[in-house]
Amino acid sequence: MAKEVVLSGIRPTGFLHLGNYFGAMRNYVRMQDEYNCYFFVANWHSLTTHPDTKTLQQSVYRVAAENIACGLDPEKIALYVQSDVPEIAELYLYLNMLAYKGELEKTASFKEKVRLNPENVNAGLLTYPVLMASDILIHRAVKVPVGKDQEQHLEMARNFAQRFNYRYGNVFPEPYAFNYGGELIKILSLDGNGKMSKSENQMATLYLADDDDSIKKKIMKAKTDGGPAEPNSVMPDYIKNIFTLMQQVSTPDTVKKFEEDFNNSSTGNIIIRYGDMKKQLAEDMIAFIKPIREKAADLQNNKELLLKIIKQGADKARASANETIQLVRKAVLG
Ligand code: TYM
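Quick notes on the rules
- Residues numbered from 1 in each chain as written.
- Predicted model: local features only at pLDDT ≥ 70, side-chain atom pairs only at ≥ 80, totals over all residues.
- Heavy atoms only, no water.
- 1 Å grid on protein atoms, 1.4 Å probe; cavity = no way out; pocket = protein on both sides within 12 Å on 5 of 7 lines; lining within 4 Å.
- Points joined across faces, edges and corners; volume = space filled by probe spheres on them.
- Helix = DSSP H or I, 4+ residues; strand = E, 2+ residues; numbered from the N terminus.
- Domains from an automatic or database assignment.
- Near = heavy atom within 4 Å.
- Polar contact = N/O pair within 3.5 Å; in protein donor to acceptor, adjacent residues only side chain to side chain.
- Areas by Shrake-Rupley, 256 points an atom, 1.4 Å probe, with all protein chains shown as cover.
- Nonpolar A, V, L, I, M, F, W, Y, C, P; charged D, E, K, R; others polar.
- Axes fitted to C-alpha atoms, helices over the stretch in contact; angles between N-to-C directions.
- Parallel < 35°, antiparallel > 145°, perpendicular 65-115°, else oblique.
- Left-handed = near helix turned anticlockwise from the far one by under 90°.
- Contact = heavy atoms within 4.5 Å.

A.B. asks: Help me get a handle on the layout of surface pockets, residues and values and all.
C.D. replies: Size it by volume and the second largest pocket reaches roughly 480 Å³. Surrounding the second largest pocket, 19 residues form its lining, Ile 185, Lys 186, Lys 240, Thr 244 and Gln 247 being those nearest its centre. At 7 residues, the largest contribution of residues to the lining of the second largest pocket is made by helix H11 (residues 237–249). Formed jointly, the lining of the second largest pocket draws a minimum of three residues from each of two domains, domain 1 (5–186 + 303–333) and domain 2 (210–296).

Below is the structure:
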């Protein structure tokens, strides 16, 4: 039986961080053995926010290198750059005819961008979810490993696929957001203010390129409080986030110890020592990030190899995209 198709992408708008890793890339690495996987660097998507061309190009290479450094095997998967697959742009054109202004204006990510940059509300930003649907549907992918923040975009991709199939005949399966373990993940910023992101508050974001010292400093500064008032209290979001990070990089016994300390603490009897917890987390996080950082740096210094991997990925992706676009053209244009 043919393997199910998986696709996901990351915008090269800055350094990759733990949100990207735990929300998306960790799944990529596991999925590469079970599925037919396409992973890509979404450089067209970044153009919506007008990056400097030179910086953009460097970020494309860095994101590609960081993807491989996290454990992707270029022989098993296709790792490519979006702009190397022009079939995506053609599909975007057809899907744009099926996407409506009202629904696009209601998208949460669009409203957020308008709020942050009211001077740059361009049409690319409005149709961002259509381009994203094209990325997915061009390979007729069914599983899309992403973090929680992409859920609405996936719902829109399903709507566009359904509309296309209804109007032109059945070409596309419906894609779903995926995470091993079910629930999609959202890693919060270390200061407890919203999600960890590439561009906001760098001191509260752990990057895969951070050196050991920065990792330690950032974790030691993570927001905590005086401890729970009662035994078995509900954890505030920022404390839960520290536990979430610990679950990813520390041993189960370590996590269990601190969970028990939290649950047994109450005002006047605080057992949990957040300082110790953060020190342990920093140590385990350094051990986790270091090999990724080093491998990514090596790859960025070996441009020839990196370019070869990206070219090989583009060839694989174009072969798959070409099959789909033939079906699409026939369905739409006759
Ligand atoms: P981007 O570049 O913002 O993020 C890349 C991936 O990282 C996940 N992520 C997070 N997960 C958990 N917690 C966080 N704090 C966090 N921050 C980011 C994102 O959910 C995403 O999976 N529109 C996409 C890129 C894209 C794409 C696609 C993804 C373009 N076309 C097609 C999937 C399929 C984006 O901007 O991701």
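A.B. asks: Just give me the short version of the site of the ligand, but keep the residues and values in it.
C.D. replies: Lining the immediate environment of the ligand, one finds 28 residues, of which Arg 11, Tyr 128, Asp 135, Asp 149 and Lys 198 sit closest. The separation between a nitrogen atom of the ligand and a polar side-chain atom of Tyr 128 is 2.7 Å. Ile 187 has a polar backbone atom sitting 2.8 Å from a nitrogen atom of the ligand. Protein contact buries 98% of the 710 Å² of open area that the ligand shows by itself. Counting only elements with at least two residues in the shell around the ligand, the list comes to strand S1 (5–10), helix H1 (18–31) and helix H8 (128–137). Looking at the shell around the ligand residue by residue, the class counts come to 13 nonpolar, 9 polar and 6 charged.

A.B. asks: Mind laying out the packing of helix H10 (residues 212–221) against helix H13 (residues 274–300), listing which residues take part and the relevant values?
C.D. replies: Two numbers describe how H10 lies on H13: the axes approach to 9 Å, and their chain directions differ by 150°. Comparing the axis directions of H10 and H13 gives the class roughly antiparallel. In this structure, the crossing between H10 and H13 has a hand that is right-handed. From H10, Asp 212, Ile 215, Lys 216, Ile 219, Met 220 and Lys 221 reach across to H13, where they touch Gly 275, Lys 278, Lys 279, Leu 281, Ala 282, Met 285, Ile 286, Ile 289, Lys 290 and Arg 293. The residue makeup of the contact of H10 with H13, split by class, is 8 nonpolar, 1 polar and 7 charged.

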